Amino acid sequence: MSPWPLLAAWMTLAAPADFSAPLRARGEKEAASSARLTSDGHQLLLEVEVVDTTPSSSTDDVHSDHVEVWFSLEDLEAVGPTRFVTAGEGRLYTVNGGDKPEALNRSIRKRPDTPAEDDGGLDCTENESNARQSIGKPPSRRVRAFFGLAHLGLFRDGRPAVLYDGPLYAAAGLAPSLAPGDVSYEVQKTKRGYLLKAKIQPGGLVFVPRTGVQSLRARVDVIDAGAPGAPELLRSSHPAPRWGEPSTFQVVKLARPLAVRLVAGVPEVSQSEEPELRGLPPFFMRVGEEWRGVAAHSEAPTDYSNRYCQDMARASEVLEHVFLQWKLGPAAPFAGPDTVRIPVQGTAKDSMSLRGLGETSGAGELLLSRGAKHRVAWVTGTTQLGFRFEDGSPGAVVKQTSWMFGRPMGGMCGAADETHLTLWRLAESGPTSDELLSWGDCSTRLEHDGEELADLQQGSGSDESEASWPGYTWEQPGQKLRVRFADDLWVDVSWNPRDGSGVTVRAEKPEEEP
């Protein structure tokens, strides 16, 4: 038996829909068309009854008989604006929350206030001017861009569903796409028009919260192309629909929330009760067969060439909107078969860096141990070694490299990296960490807990690439590690094998020539 009759029977017998609405055109007092949406905990079930006695033969995705379904994240603040201004640099701005080009032009041309002679403060006028010039060159123009929205087309003739608005996603630097099976539907002809029944998997929503879909915003529109030469007619679940405006979508609370499988075989990624999981991206976007982490970020254009001026060297009335993305996986064990290590890597790091965003922002790894009670840690770095403490708790040695001031800045050491080597333990009571070593580009000091251990320039080096250092060798597995920085320069790090306490370090330095 086809699954569609079963679906229809289920929807007939099911509890009241999570969302149902008549579909009316402007000015219509009565509506024969209607939409009904519910969830079975795995997918959304949509049924749209359309009254349309003038079938159109058009196969155009826009100008033909079809149903358009709009979804968005419930939180409009998370979705952010859909209307922006740009100054020709392919970047998205709002000025005092609006999208007026003349306002952005004024911001670019604004002359910074010159500090008074007796002010005693920093003169950051040049830096503020640089920040404003970085926005672009007038004349500015309006632009639309979508984040957190999905716009689907389902057709009277049953052709494959489409995801509209590719250029508007591209304007935000995004490229979502549906996987086969994300949206499936059938259409039945009726005496008065047609009945459309669809199954929409979480991927069909395109953007979902990491913790699954408890609620969302939705709107259903029916487009009646009419007879040849007749004007199109739009019937909508909203009395005053506006194209691409999630404020005209209805909030839908799902009686049966949708679970989302973000990483194959690791359902814990979508569990909300673990505080450590909050380091993961807050939302995920469908990109074919995979999910990609996403988030909206906004900040004022700022000149970081003088870090002492950064709080004043900005166009404070302007916000630049950037949509960050991260890739997850693949998942792999790190300390035995019952552990999972999931890398979370930012994409387009270089372009984000130029806009003052931390290169490692939101990037790191999820470490997960499964058992009677799973244990989880979010680490901002990369696992170098995994092992077990004597009590069976998973442990990891994690290396984190980031900019010294959180982002590249002007001045001494402004773009320098600093690296920290950290010992992590996934204890039953919660994750713990202790810093083992630190070093950076701005100094040759190798340190532990602020104390200098060695001068990295004193090592004789190696024939191997510097990128291969440091190297790691277990002197005693799970309790004593040799970290080698050169052929004749290394540090022995040890700790209590039971719980990781009592970290001690000892550096081996090359002997100085007399």
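About the criteria used
Along every chain, residues carry numbers that run from 1 in the direction the sequence is written. Per-residue local features of the predicted model are confined to residues with pLDDT of at least 70, and side-chain atom pairs are confined, for both listing and counting, to 80 or more; whole-chain, interface and lining totals are unaffected and use all residues. By convention in this description, side-chain values take in all heavy atoms of the structure and omit both hydrogens and water. Two strands are said to pair when DSSP picks up at least two bridges between them. Strands are runs of DSSP state E lasting at least two residues, helices are runs of H or I lasting at least four, and both sets are numbered from the N terminus onward. Axis definition: a line fitted to C-alpha atoms, limited for helices to the stretch in contact. Angles are taken between N-to-C directions and run from 0 to 180 degrees. Burial here depends on accessible area, computed with a 1.4 Å probe over protein chains only, as a share of the maximum for the residue type. Under 20% is buried, over 50% is exposed, and the range in between is partly exposed. Contacts are assigned to residue pairs with any non-hydrogen atoms lying within 4.5 Å of each other. This arc corresponds to the set of directions leading from the helix axis out to the C-beta atoms. Under the rule applied, a polar contact is a pair of N or O atoms within 3.5 Å (in protein, one hydrogen donor and one hydrogen acceptor; residues adjacent in sequence only if both atoms are side-chain atoms). The predictor's confidence in any single residue is recorded as pLDDT, a number from 0 to 100. For salt bridges, the criterion is a side-chain nitrogen of Lys or Arg within 4 Å of an Asp or Glu carboxyl oxygen. Side-chain rings of Phe, Tyr and Trp (the six-membered ring for Trp) are treated as a pair once their centres are within 6.5 Å; stacked means planes under 30 degrees apart, edge-to-face means over 60, and tilted covers the remaining angles. The criterion for a disulfide is a pair of cysteine sulfur atoms lying within 2.5 Å.

### Overview of the sheet that holds strand 28 (residues 471-476)
Pairing in this open sheet of four strands is antiparallel, and the strands run 28-29-30-31 from one edge to the other. The outermost strands of the open sheet, each flanked by one partner alone, are strand 28 and strand 31 (504-508). Within this sheet the neighbouring strands show an average axis-to-axis angle of 20 degrees, counted without direction. Note that strand 30 (residues 489-494) and strand 31 share five bridges and pair antiparallel. Its bridge partner being in strand 31, Trp 490 is matched across the sheet by Glu 508.

### With respect to the sheet that holds strand 11 (residues 193-200)
Read from one edge of the open sheet, five strands run 1-2-3-11-10, paired in antiparallel fashion. In this open sheet, the two edge strands, each paired with only one partner strand, are strand 1 (19-23) and strand 10 (183-189). Each strand of the sheet is rotated relative to its neighbour by a mean of 10 degrees, with strand direction disregarded. In terms of strand pairing, strand 2 (residues 33-39) meets strand 3 (residues 44-51) through six bridges, oriented antiparallel. Each bridged residue has a counterpart across the sheet, and for Leu 37 the counterpart in strand 3 is Leu 46.

### Things to note about the environment of Pro 231
Relative to the elements of secondary structure, Pro 231 occurs in the loop between strand 13 (213-224) and strand 14 (233-236). Pro 231 sits in the exposed class, given a relative accessible area of 69%. Here Pro 231 is in contact with Asp 224 and Ala 225, once residues within four sequence places are set aside.

### So, helix 4 (residues 125-133)
Where helix 4 is concerned, the buried positions are Thr 125, Asn 127, Glu 128, Ala 131 and Arg 132. One side of helix 4 carries all its buried residues, which in axial view fall inside an arc of 165 degrees.

### Comments concerning the side chain of Ser 140
In this fold, Ser 140 is placed in the loop between helix 4 and strand 7 (141-144). A polar side-chain atom of Ser 140 sits 2.6 Å from a polar atom in the side chain of Asn 105. Excluding residues within four positions of it along the chain, Ser 140 makes contact with Thr 86, Ala 87, Pro 101, Leu 104, Asn 105 and Ile 108.

### Structural notes on the confidence of the model for the chain
Looking at the chain, pLDDT values average 88 and 90% of them are 70 or higher. pLDDT under 50 marks residues 1-14. Its contacts with residues more than four places away, or in other chains, come to 23 contacts. Scored below 50 in pLDDT, residues 349-354 shows seven contacts in the model against residues more than four places distant or in partner chains.

### As for unusual backbone geometry
With omega at 5 degrees, the peptide bond leading from Pro 138 into Pro 139 counts as cis. Mapped onto the secondary structure, Pro 139 falls in the loop between helix 4 and strand 7. Unusually for a residue other than glycine, Asn 96 sits at a positive phi of about 50 degrees. For Asn 96, the position within the fold is in the loop between strand 6 (92-95) and helix 3 (101-109). Under the relative-accessibility criterion, Asn 96 is labelled exposed at 68%. With phi around 70 degrees, Val 206 is a residue other than glycine that occupies positive phi space.

### Structural notes on the pattern of salt bridges
This structure, assessed with the given rule, holds 26 salt bridges. As a salt-bridge pair, Arg 156 and Asp 52 come within 3.0 Å of each other at their nearest N and O atoms. In this pair, Arg 156 sits in the loop between strand 8 (149-155) and strand 9 (162-163) while Asp 52 sits in the loop between strand 3 and strand 4 (66-72), placing the two residues 104 residues apart along the sequence. The exposure class of Arg 156 is buried, given its relative accessible area of 17%. Salt bridges sharing common partners tie together Glu 475, Arg 482, Asp 492 and Arg 506.

### Description of the packing of aromatic side chains
Summed over the entire model, instances satisfying the criterion amount to 13 aromatic pairs. Ring geometry for Trp 70 and Phe 146: centres 6.3 Å apart, planes at 75 degrees, overall edge-to-face. Taken as a pair, Trp 70 in strand 4 and Phe 146 in the loop between strand 7 and strand 8 lie far apart in primary sequence, 76 residues in all. Using a relative accessible area of 0% as the deciding quantity, one classes Trp 70 as buried. Here Phe 146 falls in the buried class, since its relative accessible area comes to 0%. Measuring from centroid to centroid gives 5.6 Å for Trp 70 and Trp 243, while their planes differ by 90 degrees, and the two rings are edge-to-face.

### Some words on the state of the cysteines
Here the structure, examined in full by the defined rule, presents two disulfides. Each disulfide pairs two cysteine sulfurs, and for Cys 124 the partner residue is Cys 309, the sulfurs being separated by 2.0 Å. Around the S-S axis, the bridge from Cys 124 to Cys 309 shows a dihedral of about -75 degrees and counts as left-handed. On the criterion of sequence distance, the pair formed by Cys 124 in the loop between helix 3 and helix 4 and Cys 309 in the loop between strand 17 (290-299) and strand 18 (318-328) is long-range, its members being 185 residues apart. Given the relative accessible area of 6%, Cys 124 is considered buried. Each sulfur of the disulfide joining Cys 413 and Cys 442 lies 1.3 Å from the other. Here Cys 442 lies in the loop between strand 25 (430-440) and strand 26 (443-448) and Cys 413 lies in the loop between strand 23 (394-403) and strand 24 (417-427), a separation of 29 residues in the sequence. Classification of Cys 413 by relative accessible area gives buried; the value is 17%. The exposure class assigned to Cys 442 is partly exposed, which follows from its relative accessible area of 34%. Take the cysteines of the chain that form disulfides and number them in order along the sequence; they join up as 1-2, 3-4.

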